[in-house]
Amino acid sequence: MITYAEVEIFLYECHSLKDKRSVLKRIKNRLSKDLNIAISEMDYQDLWQRSKLGIVTVSESSEIGQQIIQQALSTLDSFTEIERTITNTEIR
């Protein structure tokens, strides 16, 4: 099963695209290392306080996929410099 989430985030402490890239790099490295998921910036590359991330995992059941995505969202929420605004999840 493929479980997918689109997550829009607001980056409070970024004042340039360089700051944004630094924060997103830390987030992506931590999530992919800890949870073995794929994560990529999907939209708003030209805005320095907004981003849309795509998070994907492949698992043997939809329950396991949902658990991994929920862990990823909890980890994402632990970063104090961002706020998760819109989240859409899909299972295929």
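In this text the structure is predicted, and so the values were computed from the model without any measurement. (Residues numbered from 1 in each chain as written. Predicted model: local features only at pLDDT ≥ 70, side-chain atom pairs only at ≥ 80, totals over all residues. Heavy atoms only, no water.)

(A) Here's a closer look at helix α1 (residues 17-35). An ideal rise of 1.5 Å per residue puts 27 Å on 19 residues; α1 measures up with 26 Å between its terminal C-alpha atoms. By the burial criterion, the buried members of α1 are Lys20, Val23, Leu24, Ile27, Leu31 and Leu35. Along the long axis of α1, the arc covered by the buried residues comes to 95°, so they all point the same way. Facing away from the buried side of α1 by more than 90 degrees, the exposed set consists of Lys18, Arg21, Lys25 and Lys33. Buried residues along α1 sit in contact with β1 (2-11), β2 (38-43), β3 (50-58), α2 (62-77) and β4 (82-91). Of the residues flanking the end of α1, it is Asn36, one or two places downstream, whose phi is positive at about 55°. (Helix = DSSP H or I, 4+ residues; strand = E, 2+ residues; numbered from the N terminus. Expected span 1.5 Å × (residues − 1). Buried < 20%, exposed > 50% of the residue type's maximum accessible area, 1.4 Å probe, protein only. Arc of directions from axis to C-beta. Contact = heavy atoms within 4.5 Å.)

(B) Main features of the pairing of β1. In this structure, β1 lies alongside β3, joined through nine bridges in antiparallel fashion. Among the inter-strand pairings, Ile2 is bridged to a residue of β3, identified as Val58. Bridge analysis of β1 against β4 gives nine bridges, and the strand direction is antiparallel. Bridge pairing links Ile9 to Arg84 in β4. (Pairing = 2+ DSSP bridges.)

Without other data, these values stay purely geometric and don't point to any function.
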